[in-house]
Amino acid sequence: MIQVENLFYTYDGEETPVLREINVEIPRGIHLGIIGPNGCGKTTFVRHLNGLLPTNKGEVRVEGLSAKSPSDLYRIRQLVGMVFQNPDNQIVGMTVEEDVAFGPGNLALPSEEIARRVQKALAQVGLESFGNKAPHALSNGEKQLVCMAGVLAMKPQYIILDEPTAYLDPSGRKMVLDMVQKLHGQGITIVHITHHMDEIVNADRILVMDRGCIILNDKPGVVFSQVALLKELGLDVPEMTELMWRLRKMGYPVRTDILTLEDACRELDACLTPVFPKG
Ligand SMILES: Nc1ncnc2c1ncn2[C@@H]1O[C@H](COP(=O)(O)OP(=O)(O)OP(=O)(O)O)[C@@H](O)[C@H]1O
Ligand SMILES: [Mg+2]
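These figures come from a predicted structure and were not determined experimentally.

> What am I meant to see in the sheet that holds strand β9 (residues 205-210) here?
Two orientations exist for strands paired in a sheet by backbone hydrogen bonds: parallel and antiparallel. Sheet architecture is open: six strands sit in the order β6-β7-β8-β3-β9-β10, paired in mixed fashion. In the strand order of this sheet, the two ends are held by β6 (80-83) and β10 (213-218), each with one partner. If you compare each strand with its neighbour and ignore which way they point, the axes differ by 20 degrees on average. Bridge count between strand β7 (residues 158-162) and strand β8 (residues 189-193): five bridges; the pairing is parallel. Counterpart to Leu 161 in the pairing with β8 is His 192. Against the sheet, helix α2 (residues 70-79) contacts β6 and β7, and its axis sits at roughly 55 degrees relative to β6.

Pasting the structure below:
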């Protein structure tokens, strides 16, 4: 579990805190979505979860290890991997293999163990035949999978994805989202920041952030039923939720806790059948 207690954060030289009184528990194995308007503190928050930013005020604990303790921090960085939005800023190797080996290479592991981890991580993301390729020759979706393999080679229990599909076209997005589902299915905890609401309709929970605070922490159906609030924050809702919300505003007695096309079809079927008998 990751436990965050009373976390505040102010960047050096600034006066206004970017994070204010964040309290949240992230249990092992869940898929957690994080949404919120630009600049509300999402990236700043998740950078605390693996010690990329120091915990100055409050507590961050990962599996009971404290991000304030330098010796715990070393282990926390192995337990919690990070994937950022732009793969080009994350890739450091001249070949895919070299890039994936970078993290485990810093753990002072024997070279056979590093090679084994690299092969396994590449196989996990379906890039086992890409080892000798130059990363810059890959598609953006493939580059993002290389970044995920680099994280997997550290054998993390948690993977944080900070808008991992922001730079991707639909096929690259699908590649990355399918991989996120697969890793979640293998028991890895996923923390997933996005502005694409459809990516997290199946998440276990969603945090909504605004001006440095967590203002909602609930299941997707509950969060996305707050359409007016989300719109006020400048956020989208899943397309099907919006459709049902608009129908409701027009006076139709439809449910608004609808997230997917399948949910919407079922709901419209239930509403229409008494009026237009089938057959
Ligand atoms: N290195 C920094 N120094 C000073 N202020 C910063 C720094 N990085 C971010 N900020 C400020 O902190 C606030 C939160 O930024 P952050 O990147 O965490 O937001 P975000 O929710 O991830 O936004 P986005 O959706 O645009 O990615 C913003 O006002 C931003 O300008
Ligand atoms: Mg951000």
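Picking up where we left off.
> Would you take a moment to explain helix α4 (residues 111-124) for this structure?
Given 3.6 residues per helical turn, the α-helix brings residues three or four places apart onto the same face. Its 14 residues place the ends of α4 20 Å apart at the C-alpha level, agreeing with the 20 Å of an ideal helix rising 1.5 Å per residue. Considered for burial, the residues of α4 that qualify are Glu 113, Ile 114, Arg 117, Val 118, Ala 121, Leu 122 and Gln 124. Down the axis of α4, the smallest arc covering the buried residues is 160 degrees, so these residues share one side. Structural note: α4 exposes Glu 112 and Lys 120 on the side pointing more than 90 degrees away from its buried face.

> Can you walk me through the sheet that holds strand β2 (residues 19-26) in this structure?
Taking strand neighbours across the sheet as the criterion, the four strands line up as β2-β1-β4-β5 in an open arrangement whose pairing is antiparallel. One side of each edge strand has no neighbouring strand; the edge strands of this open sheet are β2 and β5 (65-66). Those strands touched by helix α1 (residues 42-49) are β1 (2-9), β2 and β4 (57-62), and its axis lies near 130 degrees from that of β1.

> Whenever I open this one, a nonpolar patch on the surface confuses me. Can you help?
Side chains of Leu 272, Val 275 and Phe 276 sit close together on the surface and give an oily, nonpolar patch of about 320 Å² of accessible area. Inspection of the secondary structure assignment puts Val 275 in the segment after α10 (261-272).

> Would you mind showing me how to read the side chain of Thr 189 here?
Of note, Thr 189 is situated in strand β8. For Thr 189, a relative accessible area of 0% translates into the label buried. If we skip the residues at most four places from it in the chain, Thr 189 touches Ile 26, Pro 27, Arg 28, Gly 29, Ile 30, Gln 157, Tyr 158 and Ile 159.

> Any chance you could explain the site of ligand 1 here in plain terms?
Around ligand 1 lies a shell of 13 residues, among which Asn 38, Gly 39, Lys 42, Thr 43 and Thr 44 are the nearest. With respect to ligand 1, the backbone of Gly 41 contributes an N or O atom lying 3.0 Å from an oxygen atom. Note that an oxygen atom of ligand 1 is positioned 2.7 Å from one of the side-chain N or O atoms of Lys 42. Grouping the constituent residues of the shell around ligand 1 by class yields four nonpolar, six polar and three charged.

Reading guide: rules and limits
Residues numbered from 1 in each chain as written. Chains lettered and ligands numbered in written order. Predicted model: local features only at pLDDT ≥ 70, side-chain atom pairs only at ≥ 80, totals over all residues. Heavy atoms only, no water. Pairing = 2+ DSSP bridges. Helix = DSSP H or I, 4+ residues; strand = E, 2+ residues; numbered from the N terminus. Axes fitted to C-alpha atoms, helices over the stretch in contact; angles between N-to-C directions. Contact = heavy atoms within 4.5 Å. Expected span 1.5 Å × (residues − 1). Buried < 20%, exposed > 50% of the residue type's maximum accessible area, 1.4 Å probe, protein only. Arc of directions from axis to C-beta. Patch = residues over 30% accessible without salt bridge, like charges linked within 9 Å, V, L, I, M, F, W, Y side chains within 5 Å. Areas by Shrake-Rupley, 256 points an atom, 1.4 Å probe, with all protein chains shown as cover. Salt bridge = Lys/Arg side-chain N within 4 Å of Asp/Glu carboxyl O. Near = heavy atom within 4 Å. Polar contact = N/O pair within 3.5 Å; in protein donor to acceptor, adjacent residues only side chain to side chain. Nonpolar A, V, L, I, M, F, W, Y, C, P; charged D, E, K, R; others polar.

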